Amino acid sequence: MHYYVKNSTLIIKGNFEAVSTGLNGGRARVKYLANKQVPRTFNPPDPREFVKEEALKLGLEEAHFGLLTAVKMEYLQVIENDYLTAFITAGVSNGSEFRAKVGTINIILVSKAKLSETALLGAIITATEAKGLALLEKGYTFLGTNTDAVIVAYEIDSGFDSESSPKNERKQEIPYAGSSTDFGKKITEVVIKGVKAGLELRGE
């Protein structure tokens, strides 16, 4: 996996099995994961078409999943925990108690360990729970904004074999992602840390 920021867009390059709740989301094998910053006044007639056009401009002709955010990439949080890396942009000005639609919390989780279909989908739930917990701990009265999205992916043939990880999370796939599993605990930790840090940098 290799990641970089280009034209106000986080681009994560690799060979992934992934699921996404974004505009062009679903379940697919993809080469790129992206999170693009857009203006606060962003309101295109066809957001899905916009994502496709922007991907072409960025040279992402191959299969990809993309997210959109009004949060500047300077506030991007990249947090690693063993075999899991989280990329988080957090803004809450689009929460239920606000009228201005200028915030989004986007979470991208990339695992070096192989994930079962159940773990891929379950990680979305665990990440969402952790995001809501982070907001409550920050004193907010809502669990997310109107446009939040999550991508969960694992690297295909990453060669991951960490001696420090449980045997079932080394060469074999991780079966579950519930918050009480080792994988789920990692998700909870990185998401809470990333969401809080991102909001604090923005003064939110």
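These remarks concern the structure in this document.

Take the overall build of the protein next. Helix and strand counts for the protein stand at 3 helices and 8 strands. When the helices and strands of the protein are read in sequence order from the N terminus, they spell out β-β-β-α-β-β-β-β-α-β-α. Residues classed as buried in the protein amount to 53% of the 204 residues present. Entry remark: accessible area of the protein is about 9,800 Å², with carbon and sulfur atoms responsible for 48%.

Below, the discussion takes up the pattern of salt bridges. Side chains that differ in sign of charge can pair as their charged atoms come close. Using the criterion set out here, one finds 10 salt bridges in the structure. With a shortest N-O distance of 2.9 Å, Arg29 and Glu17 are connected by a salt bridge. Of this pair, Arg29 sits in strand β3 (residues 26–37) while Glu17 sits in strand β2 (residues 9–20); the two residues are 12 residues apart in sequence, bridging distant segments of the chain. By relative accessible area, Arg29 is classed as exposed at 52%.

The next point concerns the packing of helix α2 (residues 117–137) against helix α3 (residues 182–201). It is the contact of α2 with α3, at a shortest axis distance of 8 Å, that shows an interaxial angle of 40°. Here α2 is positioned oblique relative to α3, judged by the angle of their axes. Crossing of α2 against α3: the hand is right-handed. Touching Ala119, Ala123, Thr126, Ala127, Ala130, Lys131, Leu133, Ala134, Leu135 and Glu137 of α2 are Phe183, Gly184, Ile187, Thr188, Val191, Ile192, Val195, Lys196 and Leu199, all from α3. Of the residues belonging to the contact of α2 with α3, the class tally is 13 nonpolar, 3 polar and 3 charged.

Of note in this structure, Asn7 is not a glycine but carries a positive phi near 50°. Along the polypeptide, Asn7 turns up in the loop between β1 (2–6) and β2. Phi is positive for Ser8, close to 60°, though the residue is something other than glycine. Note on placement: Ser8 falls in the loop between β1 and β2. You can call Ser8 partly exposed: its relative accessible area is 35%.

This part is about empty space enclosed by the protein. One simple way to see leftover space: roll a probe sized like a water molecule over the atoms. The full count for this structure, using the stated rule, is 1 cavity of 30 Å³ or more. Computed from the structure, the largest cavity encloses a volume of approximately 90 Å³. As for the largest cavity, its lining consists of 13 residues, and the residues nearest its centre are Ala34, Lys36, Val51, Glu54 and Ala55. Secondary structure elements with two or more residues in the lining of the largest cavity: β3, α1 (47–57) and β4 (64–69). For the lining of the largest cavity, the leading source of residues is β4, giving 4 residues. Classifying every residue of the lining of the largest cavity by side-chain character gives 7 nonpolar, 4 polar and 2 charged.

The next thing to look at is the side chain of Asn81. Within the secondary structure, Asn81 is located in strand β5 (residues 77–81). Under the relative-accessibility criterion, Asn81 is labelled buried at 16%. Within the structure, the side chain of Asn81 is placed 3.5 Å from the side chain of Glu189, a separation counted as a polar contact. The contacts of Asn81, once residues within four sequence positions are left out, are Lys186, Glu189 and Val190.

Rules used throughout
Residues numbered from 1 in each chain as written. Predicted model: local features only at pLDDT ≥ 70, side-chain atom pairs only at ≥ 80, totals over all residues. Heavy atoms only, no water. Helix = DSSP H or I, 4+ residues; strand = E, 2+ residues; numbered from the N terminus. Buried < 20%, exposed > 50% of the residue type's maximum accessible area, 1.4 Å probe, protein only. Areas by Shrake-Rupley, 256 points an atom, 1.4 Å probe, with all protein chains shown as cover. Salt bridge = Lys/Arg side-chain N within 4 Å of Asp/Glu carboxyl O. Axes fitted to C-alpha atoms, helices over the stretch in contact; angles between N-to-C directions. Parallel < 35°, antiparallel > 145°, perpendicular 65-115°, else oblique. Left-handed = near helix turned anticlockwise from the far one by under 90°. Contact = heavy atoms within 4.5 Å. Nonpolar A, V, L, I, M, F, W, Y, C, P; charged D, E, K, R; others polar. 1 Å grid on protein atoms, 1.4 Å probe; cavity = no way out; pocket = protein on both sides within 12 Å on 5 of 7 lines; lining within 4 Å. Points joined across faces, edges and corners; volume = space filled by probe spheres on them. Polar contact = N/O pair within 3.5 Å; in protein donor to acceptor, adjacent residues only side chain to side chain.

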